[in-house]
Amino acid sequence: MKSRRRALTGFAVAFLILLAVPHLAERMDWPGFYLTFMFTAFFWITQSSSWNMLTGYSGYFSFGQGAWFGVGVYTTAVLAGKQGWSFLAALPLAGFTALIVGLLLGLVVFRLRSLGGEIFALTTLAVAFVLAAIARIFAAIDGGRGAFMTSVPLPEFLGEFRPAMYRMTLVIMMLTLVTAYLIYESRLGWGLFAIRDDEQVARGLGVPTFRYKMAALGANAFFGGLMGGVWALQIGFVTVEDVFSIRVPLFVILMSVLGGTRHWMGPVVGSLIIFTIVDRFNSAGFENFNQVFIGSLLILLVLAVREGIYLRIRERWVATASLFGLIIAASVIFNSSSMVWKFLWALLGILLMALIPDRAWQKLALRRRPTPSESREDRETVDA
Amino acid sequence: MLEIRDLTTGYGRAQVLWDVTASVADGEIVTLLGPNGAGKTTLVNALSGILRPWSGQVLLNDIDLTATRPHLISQSGIAVVPEGRRIFPDMTVTDNLLIGAYNKRARPHHEGNVERIYEIFPRLSERKRQLAGSMSGGEQQMLAIGRALMAEPSLLLLDEPSLGLAPIIVENIFEVLKQLNQEGLSILLVEQNAVEALNLAGRGYVLEEGRIVGEGSSGELLADERLRKAYLGL
């Protein structure tokens with residue numbers, strides 16, 4: 001209970017600090033793309049964290065993120081872009097529409113026991129295809145002509161476009177992370193992790209598996225859709241091909257797996273690292289190399305850090321945080337490039353830290369704390 | 001305590017069990033023996049709600065388990081130690097135990113119960129924060145039993161707890177089962193290891209090709225000529 005109160009205070013503090021950033025940016029005359037960079041990072045953190053509530057927690061592998069995202073995008077595109085609703089009235093519906101689609105899917109797939117494993121993954125992929133087809137067919141949604149979001153007015157209190165996007169994505173990200181944290185710390189989270197490890201045994205122990213899986217799928221769809229609803233504004237001209245492409249599901253999987261799916265912080269770390277790398281690659285004009293590079297990086301990292309970066313660096317967070325700060329400080333002193341580059345160098349520092357295997361780290365840290373596998377060896381010699 | 005009446009079930013259209021009738025009385029240890037493929041694990045699955053009976057009844061303290069939803073069965077007082085242990089490998093020992101107290105009835109007492117499990121299995125208390133998957137087979141079996149006990153069962157159902165364990169560990173674990181039984185726990189022990197099982201149990205059933213083909217006190221079964229040949233290698 002105490003740790004939960006402390007964590008929630010931490011969320012509140014982080015929220016207030018991040019909320020102050022647009023004012024700071026204005027006063028210190030930061031380049032505009034700093035805010036864009038940040039709210040795009042918020043977007044990816046939200047998408048991957050919401051994906052992780054289903055797949056990371058319950059183990060049901062989903063390619064459905066594009067579907068929840070797409071439903072959200074088209075909900076605000078239709079209501080605010082075409083029907084002239086006020087944007088903030090349409091936005092919650094983006095989340096709720098995705099939630100309803102998600103729960104309908106859950107009713108089907110979680111009731112049929114034969115739809116486990118790979119079939120579940122393919123079914124979620126199929127949902128995105130079906131939704132794309134529906135959007136393309138019906139002129140009221142898209143009809144193949146696309147939908148414009150460029151003339152949708154935003155309420156004045158949110159400020160100009162960039163700060164408004166920043167504030168809205170920030171709120172949704174914080175809601176997503178608090179939810180991910182609360183589930184992680186709750187009985188629901190425990191039950192989901194038990195389902196991930198062995199669903200049959202979990203049910204035998206009294207975990208209401210159907211209800212829990214529905215809850216995880218619902219939370220995933222809701223936050224994915226809600227963020228999609230805001231993102232329609234950033235896309236501006238919404239098309240079926242773009243929205244329902246495989247990009248969103250592939251990136252959230254990549255980010256979460258790299259960061260680690262067994263902890264709510266994993267997708268946050270993974271999203272920051274991958275999004276920043278991709279963003280800097282694009283800005284350096286290497287767009288075409290991106291996929292080759294990211295593909296190789298993933299193979300390498302997944303092999304090197306199987307449990308995900310977050311669980312690795314958690315054990316050595318003091319050193320990691322120091323390295324992060326050191327790189328930031330050094331690049332501020334010696335290097336005049338933009339803050340985003342400095343952030344990238346510091347993130348690469350974290351990555352490097354995570355790549356050090358446990359054994360090597362213990363030697364480096366001059367400490368001998370037995371890892372679980374080692375203490376097992378110890379015990380076996382005692383037995384003998 | 002437990003009454004299995006004319007239980008018939010199987011997978012898909014393949015029938016595995018034919019009219020199985022058996023019972024466990026209060027405070028009894030009963031063993032169910034049988035070769036590989038006899039349907040022992042199928043019976044365990046039917047009792048724990050993983051598999052729906054086609055016909056027949058399973059009564060636990062006069063509650064019909066066949067009409068109980070699977071996740072509520074543990075609340076009614078039966079706890080299963082599944083074949084192959086099936087602990088949660090990526091959770092710590094303590095978390096594995098805590099998740100055993102998931103059902104509403106046992107949940108309020110989880111703190112005291114964890115302490116009790118650590119008293120029963122001191123080996124586990126030395127490894128509280130260790131990941132369960134990194135422990136030895138014997139320790140994992142202790143953990144699986146501990147996890148089942150966390151549900152505060154009146155009947156403990158064990159599926160081949162001796163599988164793949166060194167004889168000394170098996171002895172150790174059976175000793176604990178005996179103790180638990182003396183404290184009032186009823187036990188249904190499904191085993192291939194007939195000698196050890198009959199030494200522990202008061203009564204036994206023999207399951208072959210999905211049918212009960214023999215039953216009696218442990219003494220009677222141990223003396224049975226056919227059984228001695230088939231299961232005891234004597």
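Please read all numbers here as calculations on a predicted model, not as lab measurements.

So, the interface of chain A and chain B
Move 1: Taken together, the 19 residues of chain A in the interface contact 23 residues of chain B.
Move 2: At the level of secondary structure, the elements contributing two or more residues to the side of chain A that touches chain B comprise helix H7 (187-204) and helix H17 (372-383) of chain A.
Move 3: Of all the elements, H7(A) adds the most residues to the side of chain A that touches chain B, at 10 residues.
Move 4: Counted by class, the side of chain A that touches chain B contains eight nonpolar, six polar and five charged residues.

Let's talk about the sheet that holds strand S4 (residues 55-60) of chain B
Working definition: the strands of a sheet are paired by backbone hydrogen bonds and lie parallel or antiparallel to each other.
All names here are of chain B.
Move 1: A sheet is described by the order of its strands in space; here four strands give the open sequence S2-S1-S4-S5, paired in antiparallel fashion. The sheet is open, and its two edges are formed by strand S2 (14-24) and strand S5 (63-64), each paired on a single side.
Move 2: Direction of pairing for strand S1 (residues 2-11) relative to S2: antiparallel, over a ladder of seven bridges. Across the sheet, the residue bridging to Tyr-11 is Ala-14, located in S2.
Move 3: The sheet strands contacting helix H1 (residues 40-47) are S1, S2 and S4, and the helix crosses S2 at an angle near 70 degrees.

A short note on the pairing of S4(B)
Residues and elements named next belong to chain B.
Move 1: For S1 and S4, the ladder comprises five bridges, and the chain directions are antiparallel. In the strand pairing of S4, Leu-2 is matched with Leu-60.
Move 2: Taken together, the two bridges between S4 and S5 define a ladder with antiparallel strand orientation. Looking at the pairing, Leu-59 lines up with Asp-64 of S5.
Move 3: A loop of two residues connects S4 with S5, the two strands running antiparallel in sequence, and Asn-61 in this loop sits at a positive phi of about 50 degrees.

Some remarks on the sheet that holds strand S6 (residues 78-81) of chain B
All names here are of chain B.
Move 1: The mixed open sheet is built from six strands, whose spatial order is S6-S7-S8-S3-S9-S10. Looking at which strands have only one partner, the edges of the open sheet turn out to be S6 and strand S10 (211-217). Sheet twist, expressed as the mean angle between neighbouring strand axes with direction ignored, is 15 degrees.
Move 2: In this sheet, strand S8 (residues 186-191) lies alongside strand S3 (residues 29-33) in parallel orientation, the contact comprising five bridges. Bridge assignment links Leu-33 to a residue of S8, and that residue is Glu-191.

Rules and cut-offs
Residues numbered from 1 in each chain as written. Chains lettered and ligands numbered in written order. Predicted model: local features only at pLDDT ≥ 70, side-chain atom pairs only at ≥ 80, totals over all residues. Contact = placed C-beta atoms within 7 Å. Helix = DSSP H or I, 4+ residues; strand = E, 2+ residues; numbered from the N terminus. Nonpolar A, V, L, I, M, F, W, Y, C, P; charged D, E, K, R; others polar. Pairing = 2+ DSSP bridges. Axes fitted to C-alpha atoms, helices over the stretch in contact; angles between N-to-C directions.

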